Amino acid sequence: MATLGSSVFAVSCTKDFGETNTNPSTVVNPDVKFLLTYSEDQLAVYQGNEWVWESFEQMFRFTQHFSSSPYELTSNANSRYNAYYANILPNLFEIRRQIELKADKADYAKMAAVTYVIQALHGIKVTDMNGSIPYSEAMKGRYEGAYDPAFDSQETLFTTWLSELNGAITTLSAPATATEKTYGASDVLYKGDWTKWVKLANTLKLRIAARYENQDVTKTKAIVAEVLANGIGPITSIEDNLLYTNTNFEPIGGAINYRDIKYGTIALVDFMKKVNDPRIGVYFNPNDLVGSYKDTVEKYGATLPSFIDVNDPLVQFQGGPVDWTTDAPQTNYFKNAFVVSPQNKYMLISTINRRFYAPRYDGSTTGTYTEVLASAGETCLLLAEFIQKGYGSGDAEEWYKKGVEASIRTMNKIAITAGSTTPYTGTGVSEINAYLDGADVKFNGENDLERIYIQQHLNLVRQPTEAYVFCRRTGYPKKTSEYYGREVFNEPIPRRFWINDPGEVNRANWSAAYEEQGFTPNVQDALTLSQERVWYDKNAPAFGEGQ
């Protein structure tokens, strides 16, 4: 785990486009295969501080997946921005430059195409919270000595990435030639499997389509139609999931407990109990109400708090309010045990399953961490949403079922790798089919879209940014819902992050971009950030106000 508080977040924009745009001639003839490996690694390994400072402390409270003590939004947030320019983009640009210098560059076309997919993958994540960012001129400092890149608007970014993704899809889908080159094992994500890279590119197009919806639904429909018409299509099988695993990589570790323990929320835990979701024991740890606790409570004449139903078959799972300022009895038991006797004290609120997120958080040397970069569950449920809304042809219910199954199987795979609790044993067929056939899960012809939404919400527990973007763009979970209601949350929720003043070298472009977007420069307070939105978020509902 990187040392908290002394990380890359403090790097200024000047440094991004100056010092990190190093002289490309330092290594005259690098092996492009290994240049890719570094950029792929950096998609995941920079995220240690992001998980701690941003995802656990902020994002997952905003989405109401988890509850924890509220902490200020610190300057340690938004590491995604500097990571893009310092760690991810440089090698991707250099790969293409080196390929262009080769006499047989046509044989490297697919290797070059992959770099555009990676650029879009992380670029979408960067613009999600920052709006306009440098892209078209981002590497001019590296090759031209120009450290004042223009900021591309979010709409321009999406147009550019769609064009680059389409180009990559065309190139990567072309028949193999006898002389074409491949990354092989140096591609630590897909091992040079071009078909899987096409599927990822199509999935990224669907992410962009979702982000367009509140600004240009016609564009959303057009993108969905393109993806559905593509012969290879997006990621729809867990075998094609984009997962990063490395036995030497543990980004969170003991910092999962940094500043505070994280707990399940009332809404999420209660819903998962109601529908008998097999993932509940994967996401959350049981409380102390297990074994012979009833005998002990009866022996000492104690009365459990009113929110505990002793006849609940899943009484060992209890959530707490996401907002600790609300008048809820569960609040008293986040850090305090229910005392039955001096020798018998029970913690009642379920913590998140730390082994699932940080396999070695307690010093264990077994279990391997998995970073989810894109998954079949995400893709299939997006397609179910789009088809249910009439944005594409197909059977929404079938995509819904595929998405739920893919989600459960993906969580099972991650849990096994981590050495954690799994949602099922054996094949999982009976458990998954029983879940899909449950009255509160299967399509009922009345609130099918909301059911799709909630399954998206349940699936995104390993993708904090996608979880946040989902809640921000849809307004779900919805406050007034009788199916799955969003809890009261009294804090202002930022709808963007901030890019620090880059200094004299590029202040003009930065200021122009901020003025164009209506952003207040140099603010980091949640209230102001809650009132200023990136382009695609302008017409989105407030959190919890979905239609």
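Residues numbered from 1 in each chain as written. Predicted model: local features only at pLDDT ≥ 70, side-chain atom pairs only at ≥ 80, totals over all residues. Heavy atoms only, no water.

**Digging into the side chain of Asn 287**
Part 1 of the argument: Assignment of secondary structure puts Asn 287 in the loop between helix H11 (280-283) and helix H12 (293-299).
Part 2 of the argument: A polar atom in the side chain of Asn 287 sits 2.8 Å from the backbone nitrogen of Leu 289. (Helix = DSSP H or I, 4+ residues; strand = E, 2+ residues; numbered from the N terminus. Polar contact = N/O pair within 3.5 Å; in protein donor to acceptor, adjacent residues only side chain to side chain.)

**What about the nonpolar core?**
Part 1 of the argument: Ranked by size, the top nonpolar core spans 144 residues in total, and within it Trp 197 and Phe 284 carry the most contacts.
Part 2 of the argument: Those residues in contact with Trp 197 that lie beyond four places of it in its chain are Glu 40, Val 114, Val 117, Ile 118, Leu 172, Asp 187, Leu 189 and Tyr 190.
Part 3 of the argument: By size, the runner-up hydrophobic cluster in this structure holds 16 residues, among which are Val 297, Tyr 333, Phe 334 and Tyr 346. (Core = buried A, V, L, I, M, F, W, Y, C linked by side-chain atoms within 4.5 Å. Buried < 20%, exposed > 50% of the residue type's maximum accessible area, 1.4 Å probe, protein only. Contact = heavy atoms within 4.5 Å.)

**Considerations on the packing of helix H17 (residues 448-459) against helix H18 (residues 464-474)**
Part 1 of the argument: Contact pair H17 / H18: the axes reach a minimum separation of 9 Å and the direction vectors enclose 155°. Classified by the angle their axes make, H17 and H18 are roughly antiparallel. Remark: the crossing between H17 and H18 carries left-handed chirality. Between H17 and H18, the residues in contact are Tyr 453, Gln 456 and His 457 and Phe 470, Cys 471, Arg 473 and Thr 474, respectively.
Part 2 of the argument: Residues that form the contact of H17 with H18 fall into these classes: three nonpolar, three polar and one charged. (Axes fitted to C-alpha atoms, helices over the stretch in contact; angles between N-to-C directions. Parallel < 35°, antiparallel > 145°, perpendicular 65-115°, else oblique. Left-handed = near helix turned anticlockwise from the far one by under 90°. Nonpolar A, V, L, I, M, F, W, Y, C, P; charged D, E, K, R; others polar.)

**A few points about the environment of Pro 492**
Part 1 of the argument: Secondary-structure assignment places Pro 492 in the loop between H18 and helix H19 (507-517).
Part 2 of the argument: Judged by relative accessible area, which is 32%, Pro 492 ranks as partly exposed.
Part 3 of the argument: C-alpha separation for the pair Pro 492 and Ala 526, spaced 34 residues apart in sequence, amounts to 6.0 Å.
Part 4 of the argument: Not counting chain neighbours up to four residues away, the residues in contact with Pro 492 comprise Ala 526, Leu 527 and Ser 530.

**Considerations on unusual backbone geometry**
Most peptide bonds take the trans form, and the phi angle of most residues other than glycine is negative.
Part 1 of the argument: Cis geometry marks the peptide bond from Tyr 476 to Pro 477; its omega dihedral reads -5°.
Part 2 of the argument: Within the secondary structure, Pro 477 sits in the loop between H18 and H19.
Part 3 of the argument: Phi at Asn 78 takes a positive value of approximately 75°, unusual for a residue other than glycine.
Part 4 of the argument: Here Asn 78 lies in the loop between strand E1 (66-67) and helix H4 (79-100).
Part 5 of the argument: Positive phi, close to 55°, is recorded for Asn 276, a residue that is not glycine.

**Topic: the environment of Val 339**
Part 1 of the argument: Position of Val 339 among the secondary structure elements: in strand E6 (residues 338-341).
Part 2 of the argument: Expressed as a C-alpha distance, the spacing of Val 339 and Ala 302, which sit 37 residues apart in the sequence, is 8.5 Å.
Part 3 of the argument: Residues within four places of Val 339 in sequence aside, it is in contact with Asn 344 and Lys 345.

Keep in mind these values describe shape, not function.
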